[in-house]
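Structure assessment
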Amino acid sequence: MNTLLTTPAAIAQAAPQEFALSGAWTARGLGTLAPRLAALSAPAGSGVVVDCAGIEALDTAGAWVLQKLLRQLRAAGSAVHLRDFRPEFARLLAMVGKDLSTQVPVTSALLPVSSVPSSHLEHLGRSAAGSLEQGMALLGFVGEIALAFTRCLAHPVRFRWRPMLSNLRSAGFDALPIVGLLSFLLGIVVAYQGADQLRQYGANIFIADLVGLSMLREFAPLMTAIIVAGRSGSAYAAQIGTMSVNEEIDALRALGIAPLDLLVLPKVLALSIALPLLTVFADLLGVFGGMLMARAQLGVGFGEFLDRLVKAVSVTAYLVGVCKAPVFAFIIAVVGCFHGFRTRGGADSVGRQTTRSVVQSIFLVIVADALFSVAFSVLDL
């Protein structure tokens, strides 16, 4: 058929039950006819005749519009009869009508999946499937890091020392003020909360046991990890996420530079070194804060406090707290970098992945701390 005709398609209602079609019902000839068809109507329950003798050309666009018109008339309760319709046009109209009958309703096809009403059970299933997919992806990412670390051990010249030292400064040295201040205040709070109870039983000297064990075993490593997760873990996710959005990660691969070697390994190793040192620093400041409060509230001098602290806190209890730090550091660095690489789209995705990295890092750190507590209890440490 000839689709180059430009005679505009037209429709005239000669009588309430009769329509006359004319012109080129093609993509070129339809113009603004299609929106005007919705205003057409015919008496319900009557037979409608559509005169197609004036149709000069028909393509799939015109057949789609004509099929929609026929469906509109039939939906109003009218029986439709096509008069003087060419056989080749009839075959095209039937083919388009068959395709329309197999289409998904527009209300479910055009809406995003999240907008389609669903049951709570379906929502739970989708959430579980998404969490499982993310967990498997995170496990695969850990495997890739292990392979990259193995390659660096086999070829030490591949390791990036300058990025590691830079991350060691930003994640370790630059975090000393906030870690020290919060640990100092936490030691004061712990001593203050225990002072009243110990004073009632005349056990003032045991404030050293309370502050020493709580800070060295639990509070110092846990609070340090939470602070670093919010400070450094978010920075890792934002940095790598911004590079992903700006296609800098793809540029590194195009240059033959492995992103894991340049962006991930230095961060993981730097944080694994910095967090234990920050934990020791937090231990000192937390115990010092407890000493000040013990002297102010209970009259326990610095010498007495330190003498009791050495007897109450064993080397094992101290090492238990320090040994948690590398595990927490690995969790924070891996989760931050993982969400950075999962960033897609624009700035909103960077913010979303950064938030997820902080929340999941803190959650996994607390879960790991709980598992450590159970394991140490079983091992009687």
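It should be emphasised that the depicted structure is a prediction, and the values quoted were computed from it without experimental measurement. (Residues numbered from 1 in each chain as written. Predicted model: local features only at pLDDT ≥ 70, side-chain atom pairs only at ≥ 80, totals over all residues. Heavy atoms only, no water.)

Moving on to a nonpolar patch on the surface. There is a patch of nonpolar side chains on the surface, built from Ile178, Leu181, Leu182 and Leu185 and spanning about 310 Å² of accessible area. Assignment of secondary structure puts Leu185 in helix 7 (residues 176–200). Exposure remark for Leu185: the relative accessible area of 40% places this residue in the partly exposed category. (Patch = residues over 30% accessible without salt bridge, like charges linked within 9 Å, V, L, I, M, F, W, Y side chains within 5 Å. Areas by Shrake-Rupley, 256 points an atom, 1.4 Å probe, with all protein chains shown as cover. Salt bridge = Lys/Arg side-chain N within 4 Å of Asp/Glu carboxyl O. Helix = DSSP H or I, 4+ residues; strand = E, 2+ residues; numbered from the N terminus. Buried < 20%, exposed > 50% of the residue type's maximum accessible area, 1.4 Å probe, protein only.)

Looking now at the sheet that holds strand 1 (residues 10–15). Backbone hydrogen bonds are what pair the strands of a sheet, in a parallel or an antiparallel way. Pairing within the open sheet is mixed, and its four strands lie in the order 1-2-3-4. The open sheet has two edge strands, strand 1 and strand 4 (79–83), and neither has a second partner. Adjacent strand axes in the sheet meet at a mean angle of 20°, parallel and antiparallel pairs treated alike. Direction of pairing for strand 2 (residues 18–25) relative to strand 3 (residues 47–58): parallel, over a ladder of seven bridges. Its bridge partner being in strand 3, Phe19 is matched across the sheet by Val50. (Pairing = 2+ DSSP bridges. Axes fitted to C-alpha atoms, helices over the stretch in contact; angles between N-to-C directions.)

Right, let's talk about the nonpolar core for a bit. In summary, soluble globular proteins display a tendency toward joint burial of nonpolar side chains. Phe141, Ile207, Leu263, Val264, Leu271, Phe305 and Phe341 are the most contacted members of the largest nonpolar core, which totals 68 residues. With 15 residues, the top contributor of residues to this core is helix 10 (residues 259–298). Those residues in contact with Val264, other than ones at most four positions away along the chain, are Phe141, Ile145, Pro259, Cys337 and Phe341. Formed by 26 residues, the second largest nonpolar core is a distinct cluster that contains Trp25, Leu30, Val50 and Phe85. (Core = buried A, V, L, I, M, F, W, Y, C linked by side-chain atoms within 4.5 Å. Contact = heavy atoms within 4.5 Å.)

This next bit is on the side chain of Lys324. Here Lys324 is to be found in helix 12 (residues 315–341). The residues touching Lys324, leaving out its near neighbours within four places in the chain, are Arg217, Glu218, Pro221, Asp369, Phe372 and Phe376.

Once that is clear, we can look at the pattern of salt bridges. Going through the model one piece at a time under the given rule, you end up with eleven salt bridges. In this structure, Arg83 engages Glu18 in a salt bridge whose closest nitrogen and oxygen atoms are separated by 2.9 Å. Pair noted here: Arg83 is in strand 4 and Glu18 is in strand 2, with a separation of 65 residues, a long-range link. Accessibility expressed as a relative area gives 26% for Glu18, which makes it partly exposed. Across the salt bridge formed by Asp196 and Arg199, the nearest N and O atoms sit 3.0 Å from each other. A residue pair is termed a helical-turn pair when its members lie 3 or 4 positions apart in one helix, as Asp196 and Arg199 do in helix 7 at three residues. Judged by its relative accessible area of 39%, Asp196 is partly exposed.

Before going further, it helps to spend a moment on the side chain of Arg217. Tracing the chain through its elements places Arg217 in helix 8 (residues 207–245). As a buried residue without a salt bridge, Arg217 has its nearest oppositely charged side chain in Glu218, at a separation of 5.1 Å. For Arg217, the residues in contact, after removing those within four places along its chain, are Gly212, Ala317, Val320, Gly321, Lys324, Phe376 and Leu381. (Lys, Arg positive; Asp, Glu negative; His and termini not counted.)

Turning to helix 10, a few remarks are in order. The end-to-end C-alpha distance of helix 10, which contains 40 residues, comes to 56 Å, matching closely the 58 Å that a straight helix rising 1.5 Å per residue would cover. The largest bend in helix 10 is about 30°, located at Leu265, with the proline Pro266 one to four residues further on. Where helix 10 terminates, the next one or two residues include Gly299, which has phi positive at roughly 70°. (Expected span 1.5 Å × (residues − 1). Bend = angle between axes of the 7 residues up to and from the residue.)

Next up on the list: the packing of helix 5 (residues 120–154) against helix 12. As a packed pair, helix 5 and helix 12 sit with axes 10 Å apart at the nearest point and diverge in direction by 110°. In this view, helix 5 runs roughly perpendicular relative to helix 12, as classed from their interaxial angle. The two elements helix 5 and helix 12 cross, and the hand of that crossing is right-handed. Between helix 5 and helix 12, the contacting residues are Gln134, Ala137, Leu138, Phe141, Val142 and Ile145 on the first element and Phe330, Val334, Cys337, Phe338, His339 and Phe341 on the second. (Parallel < 35°, antiparallel > 145°, perpendicular 65-115°, else oblique. Left-handed = near helix turned anticlockwise from the far one by under 90°.)

As a further point, take the environment of Tyr192. One can find Tyr192 in helix 7. What makes Tyr192 partly exposed here is its relative accessible area of 44%. Sequence separation between Tyr192 and Val211 is 19 residues; the distance between their C-alpha atoms is 10.0 Å. Once you skip the residues sitting within four places of it in the chain, Tyr192 turns out to touch Met293 and Gln297.

Treat this as a map of the structure, not an account of what it does.
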